[in-house]
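One-letter residues, chain by chain:
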Amino acid sequence: MSSSSRESSFRDHLGIVSAEGKRTWLYPKAPKGRFHTARLIVSAALLMILFGTPFLRLHGHPFMLFDITERKFIIFGMIFGPHDFFLLALAMISTIVFIFLFTVVFGRLFCGWVCPQTVFMEMVFRKLDYLIEGGPGEQRALNNAPWTATKIRKKGLKHSLYFILSFLVANTLLAWIIGTDKLYAIVTDPPSQHLGGLTAVVLFSGIFHWIFGWFREQACILVCPYGRLQSVMLDRNSIVIAYDNLRGEPRGKLRRGQERKEGDCIDCGQCVDVCPTGIDIRNGTQLECVNCTACIDACDHVMDAVKKPRGLIRYDSIEGIEKKHRALATPRSIGYSVVLVILICLLTYFISNRSDIDVTILRTPGMYFQEQPDDYISNLYDVKAVNKTFSPLPLSFRLRSINGTIRVLGDSLVLRSQEANAAKLFVLLKRDQIKSMNTPLDVEVYSGDKLVGVVRSSFLGPVKKKEG
Ligand code: SF4
Ligand code: SF4
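Nothing here was measured: the structure is a model prediction, and the numbers come from that model. (Residues numbered from 1 in each chain as written. Chains lettered and ligands numbered in written order. Predicted model: local features only at pLDDT ≥ 70, side-chain atom pairs only at ≥ 80, totals over all residues. Heavy atoms only, no water.)

Asker: Is there a simple way to explain the site of ligand 1 in this structure?
Answerer: Around ligand 1 sit 13 residues in total, of which C265, C268, G269, C271 and C299 are the nearest. Put simply, the parts of the chain that give the shell around ligand 1 at least two residues each are α13 (270-273) and α14 (294-305). Of the residues contributing to the shell around ligand 1, the split by class is nine nonpolar, two polar and two charged. (Near = heavy atom within 4 Å. Helix = DSSP H or I, 4+ residues; strand = E, 2+ residues; numbered from the N terminus. Nonpolar A, V, L, I, M, F, W, Y, C, P; charged D, E, K, R; others polar.)

Next comes the structure, spelled out in structure tokens:
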């Protein structure tokens, strides 16, 4: 096939769909090499974080929790609730800008090294394929073979392990959402007490089994929105996994005893054979490429064998390949960086100035002032207080810069943890302290002996008529 027809044909079809429009099942060769070893280490660390974090505790509370059902989030031991919505929104916007910036500069590095889909698919589930069914040729032969005892045994073992792993992943996911204590209760209590939780676990186990057992690379190619965004985020300076066409072309087979006039690519097809998404990276950057590095390792291996320098396929940008130089600071990366720095500064400022208690004190609507014995005037107020900590907190009030008394209605006020609490209080001032109809009032809010805030309000009172 000529280079131009190759160029046009790869854009007209997906590597995972046959000419008849059927799914082409991929049998990639097992990758080996320095990048794969590094990815194995990173994947092991990530899996430990994924499975271990729900068990981490700080002062008796989860270190991380994303309880969307109760709108409660604990991030690095700090608790956030619905009242912190703007902080979560700011954090989310910062994350999105970070992803944009990261992608503009480093392309799909995340997909290859960190994405849970790639980590589980390539480092866990596909490893089981190789372990139980053998290499690509043996896997293909087994799939095409009739249902013999060997096939039933191998497929049965593989899918049993798939389901156990999927069940483990589903439980871990649930632990990140509801916490290990509630998960433990679901596991140990009679099933009838947690039908919802059990259904979720079984459903998600089935979904994960289906994704990793059958859907596989289609999740990246057809579903993942991040993959789709690449075409608008990447530019000529973005680092991607790239084939050096200047060095490699014209490609040609290695012929013993003949002087080589072609480029360094010996057209061995090893880079295609290892690709888990079924593409030929020599056609250029493609949506399907999840930057798994398998083709780099495969090609480096070939280059070593033919005594050529490594890196015919490598991490590089189009500018890097064409001009041997790439600019890190492009207008886009500078723009995203500036926005990101501003967002991170704002987020840091808001988090470091975030109080444990939010209090508002407003005069009760529809109430004027009340005359009390001993020449006192009172106003009634509504108190709303949110306790953002893990423990109940006592609350008391004092007036600042004015003599008077505050009486909380009912018992002393103790704020329930992670809830909005409401109370009513009276402020009493001596008649001779009231100089105008509307007296500004500063109320100091204490939790125990600690001043947690000063709330500004106002006091309505009668004004003496001038005599004469
Ligand atoms: S592995 Fe390297 S040499 Fe072989 S076909 Fe791919 S790019 Fe060419
Ligand atoms: S082209 Fe290379 S890096 Fe991209 S998915 Fe295929 S093997 Fe992985």
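Asker: So what exactly am I meant to see when it comes to the nonpolar core here?
Answerer: Generally speaking, a soluble globular protein has its nonpolar side chains buried in company with each other. If you look at the biggest cluster of nonpolar residues, it comprises 26 residues, and the most contacted ones within it are V359, L395, F397 and V427. Mapped by element, the contributors of at least two residues to this core are β8 (357-363), β10 (376-387), β11 (393-400), β13 (413-415), β14 (420-430), β15 (438-447) and β16 (450-460). Among all residues touching F397, those that are not within four sequence positions of it are V359, I361, V383, I406, V408, L413, L425, V443, E444 and V445. Within the second largest apolar cluster, 19 residues are counted, among which are W113, I266, C271 and V302. (Core = buried A, V, L, I, M, F, W, Y, C linked by side-chain atoms within 4.5 Å. Buried < 20%, exposed > 50% of the residue type's maximum accessible area, 1.4 Å probe, protein only. Contact = heavy atoms within 4.5 Å.)

Asker: Even after reading the chapter, I still don't get the packing of helix α2 (residues 34-52) against helix α7 (residues 149-178), so can you show me in this structure?
Answerer: Think of two packed helices as two axes; the pair is described by the angle between the axes and how far apart they sit. Viewed as axis vectors pointing N to C, α2 and α7 meet at an angle of 60°, and their least axial separation amounts to 9 Å. On the basis of the axis angle, α2 is oblique to α7. Residues I49, L50 and F51 of α2 form the contact with α7, whose own contacting residues are L168, V169, T172 and W176. Residue composition of the contact of α2 with α7, by class: six nonpolar, one polar and no charged. (Axes fitted to C-alpha atoms, helices over the stretch in contact; angles between N-to-C directions. Parallel < 35°, antiparallel > 145°, perpendicular 65-115°, else oblique.)

Asker: Would you take a moment to explain empty space enclosed by the protein for this structure?
Answerer: One simple way to see leftover space: roll a probe sized like a water molecule over the atoms. This structure, assessed with the given rule, holds five cavities of 30 Å³ or more. In this model, the largest cavity occupies a volume close to 100 Å³. Lining the largest cavity we find 15 residues, and of these C265, D267, C268, C271 and C299 sit closest to its centre. Here the lining of the largest cavity takes four residues from α14, the largest share from any one element. Residue classes in the lining of the largest cavity are distributed as 11 nonpolar, two polar and two charged. (1 Å grid on protein atoms, 1.4 Å probe; cavity = no way out; pocket = protein on both sides within 12 Å on 5 of 7 lines; lining within 4 Å. Points joined across faces, edges and corners; volume = space filled by probe spheres on them.)

Asker: Would you mind showing me how to read the sheet that holds β13 here?
Answerer: What holds strands together in a sheet is hydrogen bonding between their backbones, with the strands either parallel or antiparallel. The four strands lie next to each other as β13-β11-β15-β16, forming an open sheet whose pairing is antiparallel. On the outer flanks of this sheet lie β13 and β16, each paired with one strand and no other. Neighbour-to-neighbour, the strand axes of the sheet open up by a mean angle of 35°, direction not taken into account. Looking at chain direction, β15 and β16 are connected through 10 bridges and run antiparallel. Across the sheet, L441 pairs through a bridge with S457, a residue of β16. (Pairing = 2+ DSSP bridges.)

Asker: Mind showing me how you'd approach the site of ligand 2 here?
Answerer: Around ligand 2, a shell composed of 13 residues is seen, among which C275, C289, V290, C292 and C295 lie nearest. A breakdown of the residues in the shell around ligand 2 according to their chemical character gives 10 nonpolar, three polar and no charged.

Asker: Looking at this structure, how should I read the sheet that holds strand β4 (residues 72-75)?
Answerer: One open sheet accounts for three strands, arranged β3-β4-β5; its pairing is antiparallel. The open sheet has two edge strands, β3 (65-67) and β5 (78-80), and neither has a second partner. Looking at each pair of strands side by side, their axes are set apart by 20° on average, direction ignored. In terms of strand pairing, β3 meets β4 through three bridges, oriented antiparallel. What sits directly across from D67, in β4, is K72.

Asker: How should the environment of Q270 be read in this particular structure?
Answerer: Here Q270 lies in helix α13. C-alpha separation for the pair Q270 and D297, spaced 27 residues apart in sequence, amounts to 9.6 Å. For Q270, the contacting residues outside a window of four places in its chain are K29, A298 and V302.

Asker: What is the right way to look at the packing of aromatic side chains in this model?
Answerer: Pairs of aromatic rings are described using the distance from one ring centre to the other and the angle between the two planes. Taken as a whole and judged by the stated rule, the model has 21 aromatic pairs. When the centroid spacing of 6.1 Å and the interplanar angle of 25° are considered together, the rings of F66 and W176 count as stacked. One end of the pair, F66, is in strand β3; the other, W176, is in helix α7, with 110 residues separating them in the sequence. We classify F66 as partly exposed; its relative accessible area is 31%. When the ring of F125 is compared with that of Y162, the centres are 5.0 Å apart and the planes differ by 70°; the resulting orientation is edge-to-face. Of the two residues, F125 is situated in helix α5 (residues 116-133) and Y162 in helix α7; the sequence distance between them amounts to 37 residues. As far as burial versus exposure is concerned, F125 and Y162 are alike and both buried. Three or more aromatic residues joined by ring pairs make a cluster, and in this case those are F51, F120, F125, Y162 and F212. (Phe/Tyr/Trp six-rings, centres within 6.5 Å; stacked < 30°, edge-to-face > 60°.)

Asker: Sorry, what's going on with the confidence of the model for the protein chain here?
Answerer: The predicted structure's coordinates, where accompanied by low pLDDT, should not be read in detail. With 96% of its residues at a pLDDT of at least 70, the protein chain reaches an overall mean of 89. Looking over the protein chain, one finds the lowest element-wise mean pLDDT in helix α1 (residues 3-12), namely 56, and the highest in α2, namely 97. Between residues 1-6, whose pLDDT stays under 50, and residues either more than four places distant or in other chains, the model counts five contacts. (pLDDT = per-residue confidence, 0-100.)

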